[in-house]
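# Observations on chain architecture
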Amino acid sequence: SQQGEEDPQALSIQEGENATMNCSYKTSINNLQWYRQNSGRGLVHLILIRSNEREKHSGRLRVTLDTSKKSSSLLITASRAADTASYFCALGDTGGFKTIFGAGTRLFVKA
Amino acid sequence: GAGVSQSPRYKVAKRGQDVALRCDPISGHVSLFWYQQALGQGPEFLTYFQNEAQLDKSGLPSDRFFAERPEGSVSTLKIQRTQQEDSAVYLCASSFGGYAYNEQFFGPGTRLTVL
């Protein structure tokens, strides 16, 4: 299975701290995406990184991809209470059609 | 419309009933995906359409599940003879390009409860 595995499963931090979530996978991918899900806004796309890219930034988000280690990380800097949500990595299947989601990291940011 | 819409938002069915879930993707989006999400889990891929063509249905759990997108826009996921294990949130997503290369825009989901 190509399912992404997020680590940690849950994370609780204080507002203002940084949060790092990791995703590992087993086979080749053509892209990796990060999504956020909370009860208010559903699943929202955060950032996409292609297999030939190593790092991408978007606002307070920084994503890295290491294809040799088959892993990715999502860093949220200066976290806010509004960042409380579940974060999922999603693998773009090499077959081109599927996107395979992991089980997610549940982030809780305390005000 | 501004985003992906799904209807109904909530559906309660008695075991054995048939249900139909509707997805209106963003206008002009080529790709449409259906996912099933159990409580506390990530979305599980069900099927993929590129325009009206169903190019991947490998995630459909049984032959009781059927999806269509006859005109390449609105899609319907039908579940026949519902079972309790079908209880989940069903998510629809669309993206502009083909394949799984682009960001997906998700609808709010339909929460199906089978009694």
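Before reading further, recall that the structure is shown in the block above.
A brief report on the enclosed structure follows. (Residues numbered from 1 in each chain as written. Chains lettered and ligands numbered in written order. Predicted model: local features only at pLDDT ≥ 70, side-chain atom pairs only at ≥ 80, totals over all residues. Heavy atoms only, no water.)

## What to know about the overall build of chain B
Threshold: Comment: elements are numbered from the N terminus, with helices defined as DSSP H or I runs of at least four residues and strands as E runs of at least two. Partly exposed describes any residue whose relative accessible area lies between the buried limit of under 20% and the exposed limit of over 50%, with all areas from a 1.4 Å probe on protein chains only and scaled to the type maximum. Computed with a 1.4 Å probe, the accessible areas rest on the Shrake-Rupley method; for each residue, only the protein chains presented here act as cover. His is not counted here, nor are the chain ends, while Lys and Arg score as positive and Asp and Glu score as negative. Here the site of a charge means atom NZ of a Lys, CZ of an Arg, CG of an Asp or CD of a Glu.
Across its full length, chain B carries zero helices and 11 strands. For chain B, the spread of C-alpha atoms along the three principal axes comes to 40 × 25 × 25 Å. For chain B, with 115 residues in total, the buried portion stands at 46%. Surface exposure of chain B reaches about 5600 Å², of which carbon and sulfur atoms provide 48%. Averaging the coordinates of the 11 positive side-chain charges in chain B and doing the same for the 11 negative ones gives two points 9 Å apart.

## Thoughts on the sheet that holds strand β3 (residues 19-24) of chain B
Residue and element names in this part refer to chain B. Which entries qualify depends on this criterion: We call two strands paired when DSSP finds no fewer than two bridges between them. Each axis is a line fitted through C-alpha atoms, taken for helices only over the stretch in contact, and angles between the N-to-C directions span 0 to 180 degrees.
Reading across the sheet, the four strands line up as β1-β3-β8-β7 and stay open at both edges, with antiparallel pairing between neighbours. Edge strands, defined here as strands with exactly one partner in the open sheet, are β1 (5-7) and β7 (65-68). Neighbour to neighbour, the strand axes of the sheet diverge by 15° on average, direction disregarded.

## Looking at the interface of chain A and chain B
Keep this limit in mind: The criterion used for residue contact is that any of the two residues' heavy atoms lie within 4.5 Å. Buried area: the accessible surface (1.4 Å probe) lost by two parts on joining, summed over both. Throughout this description, the term salt bridge denotes a Lys or Arg side-chain nitrogen within 4 Å of a carboxyl oxygen of Asp or Glu. In protein, a polar contact requires one atom able to donate a hydrogen and another able to accept it; more generally it is a pair of N or O atoms within 3.5 Å, and residues adjacent in sequence count only if both atoms are side-chain atoms.
In this complex, chain A contributes 20 residues to the contact, which on the side of chain B involves 21 residues. Together, the buried faces of chain A and chain B total about 1700 Å²; carbon and sulfur atoms form 54% of this surface. Considering only the side of chain A, the residues that lose the most area to chain B are A:Leu43, A:Phe97 and A:Lys98, jointly responsible for 35% of the buried surface there. There are zero salt bridges connecting chain A and chain B. The interface formed by chain A and chain B contains six residue pairs in polar contact (both at pLDDT 80 or more).

## A word on the side chain of B:Gln36
All names here are of chain B. Secondary-structure assignment places Gln 36 in strand β4 (residues 31-37). By relative accessible area, which is 18% here, Gln 36 ends up buried. Polar contacts involving the side chain of Gln 36 include one to the side chain of Tyr 90, which spans 2.9 Å. In contact with Gln 36, not counting residues within four places along its chain, are Gly 42, Pro 43, Glu 44, Leu 46, Phe 65, Asp 86, Ala 88, Val 89 and Tyr 90.

## Quick notes on the sheet that holds strand β7 (residues 61-66) of chain A
All names here are of chain A. Taken together, five strands build an open sheet; the order of strands is β1-β3-β8-β7-β6 and the sheet is antiparallel. The open sheet has two edge strands, β1 (5-7) and β6 (55-58), and neither has a second partner. For this sheet the average axis-to-axis angle between neighbouring strands, irrespective of direction, equals 15°. Summarising the sheet, β1 and strand β3 (residues 19-24) pair through three bridges and their orientation is antiparallel. Residue Glu 6 lies in a different strand from β3, and its bridge partner there is Cys 23.

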